[in-house]
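An overview of the molecular structure
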Amino acid sequence: MHFHKPISLDEAIALLAGDAGAMPLAGGATLVAMMNAELIEPNALVSLGAIDELKAVKSAAGGDVRIGAMVSHTELATSEQLVGGHAVVRRAASLIAHPTVRNIGTIGGAVAHGDPSSDLLPALVAADAVIEAAGSAGRRDIAAEDFFEDYLTTTLAEGEVVAAVRLPKSPVGATGVYEKFTRVHGDYATLSVAVMLAMKGGNCSFVRIALGAAGPKPIRVKAAEALLIGSELDGEAIAAASQLLAEASDPVDDVRGSADYRLILVPRLLSRALANARSQVEGAA
Ligand SMILES: Cc1cc2nc3c(=O)[nH]c(=O)nc-3n(C[C@H](O)[C@H](O)[C@H](O)COP(=O)(O)OP(=O)(O)OC[C@H]3O[C@@H](n4cnc5c(N)ncnc54)[C@H](O)[C@@H]3O)c2cc1C
């Protein structure tokens, strides 16, 4: 097996384009485990670890934040640039597994792998993130909501890599919270809820919600958000929104919980996430 360590993204793309059996290597947290378990057998690994362009978190003047694909979960969890509504991504990263995994795993690897139990996926949908993909045909932007297609399946084309994840400016006064329910500390989510919220005069003026581990990809229901906007986030509005989210969910039965149990968690985690978000925005006002 060949191992390449290019120093530019163009070089990495050329190496991947030249060998259909080559795979990009980020931290190897999942890739190496899959190779050890003989689930995959790449001809070559193209490490992205020496490409400077992929390593930075940069804030733009307009309020956007651009996160390079090789930024680790630890760097995200401690980033001072992820404030306001963008804190949903920082908080999700801080709850991934434990420090060893957070030091190795990267946002690009998590996004490309497309595991619906990943903590970052619902947070990126709640943040309305854009995935910047790069391949031999050029670069393109894909909305996070459209990027995740199915279980471990994304819209990334053969030979394309995730170059960065861009978070558009979050609404003024917004906050982002992430609630994760696990069997034990450090486990993958049984269910998770990512919320970006803003309030005005005691009523919800903006909300975006995405569920994790509730189906083959992050679950977002715009009609559920519409029920909350303008409301005081009272129990009735939250119950109605939860109902729509649960109806759109398609969770699995696995060791982390049954599908029915996951659906029971939807209103509970959503209530908790909205209460936390509300107290943060009202505390900051
Ligand atoms: C023990 C353990 C516990 C974990 N617990 C959690 C958890 O609680 N929550 C959670 O969210 N995650 C969890 N993870 C996942 C982890 O956080 C990483 O996000 C994930 O393993 C990806 O790792 P990586 O970035 O090293 O990518 P790699 O393992 O290097 O790559 C993963 C896949 O993505 C491809 N790839 C990598 N980078 C790119 C790129 N830039 N462009 C295109 N394709 C690319 C690779 O070819 C491979 O197919 C856990 C992982 C482990 C091993």
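Check the entry above for the structure.
Just so it is clear, the structure is predicted and the values come from calculations on it, not from any experiment.

Here we have five strands laid out as an open sheet, ordered β4-β5-β10-β6-β7, and antiparallel in their pairing. In this open sheet, the two strands that pair with only one neighbour each are β4 (57-59) and β7 (138-143). Between one strand axis and the next, the sheet turns through 20° on average, direction left out of account. With five bridges joining them, strand β6 (residues 130-135) and strand β10 (residues 161-167) adopt antiparallel strand pairing. Bridged to I131 within β10 is V165. Together, β6, β7 and β10 form the strand contacts of helix α1 (residues 9-17), whose direction differs from that of β10 by roughly 135°.

Strand order in the open sheet formed by three strands is β11-β12-β13, with antiparallel pairing between adjacent strands. Both outer strands of the open sheet, β11 (175-181) and β13 (203-212), are each paired with one neighbouring strand and no more. Between one strand axis and the next, the sheet turns through 20° on average, direction left out of account. Bridging between strand β12 (residues 191-200) and β13 involves nine bridges; their strand directions are antiparallel. Along β13, the bridge assignment pairs K200 with N203.

Okay, α1 next. The set of residues buried in α1 consists of L9, A12, I13 and L16. On an axial view of α1, the arc spanned by its buried residues comes to 100°, and they lie on one face. For α1, the secondary structure elements touched by its buried residues are β2 (22-25), β3 (44-47), β6, β7 and β10.

With that settled, consider the pairing of β3. Alternating positions in β3 separate into two faces, A44 and V46 on one and L45 and S47 on the other, with burial throughout. The pairing of strand β1 (residues 2-4) with β3 spans three bridges and is parallel. If you follow F3 over to β3, its bridge partner there is L45. As paired strands, β2 and β3 are joined by four bridges and run parallel to one another. The residue of β3 that forms the bridge with P24 is V46. In this region the chain leaves β2, passes through helix α2 (residues 31-36) and returns to the parallel neighbour β3; the handedness of that crossover is right-handed.

The rules behind the values
- Residues numbered from 1 in each chain as written.
- Predicted model: local features only at pLDDT ≥ 70, side-chain atom pairs only at ≥ 80, totals over all residues.
- Heavy atoms only, no water.
- Pairing = 2+ DSSP bridges.
- Helix = DSSP H or I, 4+ residues; strand = E, 2+ residues; numbered from the N terminus.
- Axes fitted to C-alpha atoms, helices over the stretch in contact; angles between N-to-C directions.
- Contact = heavy atoms within 4.5 Å.
- Buried < 20%, exposed > 50% of the residue type's maximum accessible area, 1.4 Å probe, protein only.
- Arc of directions from axis to C-beta.
- Right-handed = clockwise from strand over helix to strand, strands pointing away.

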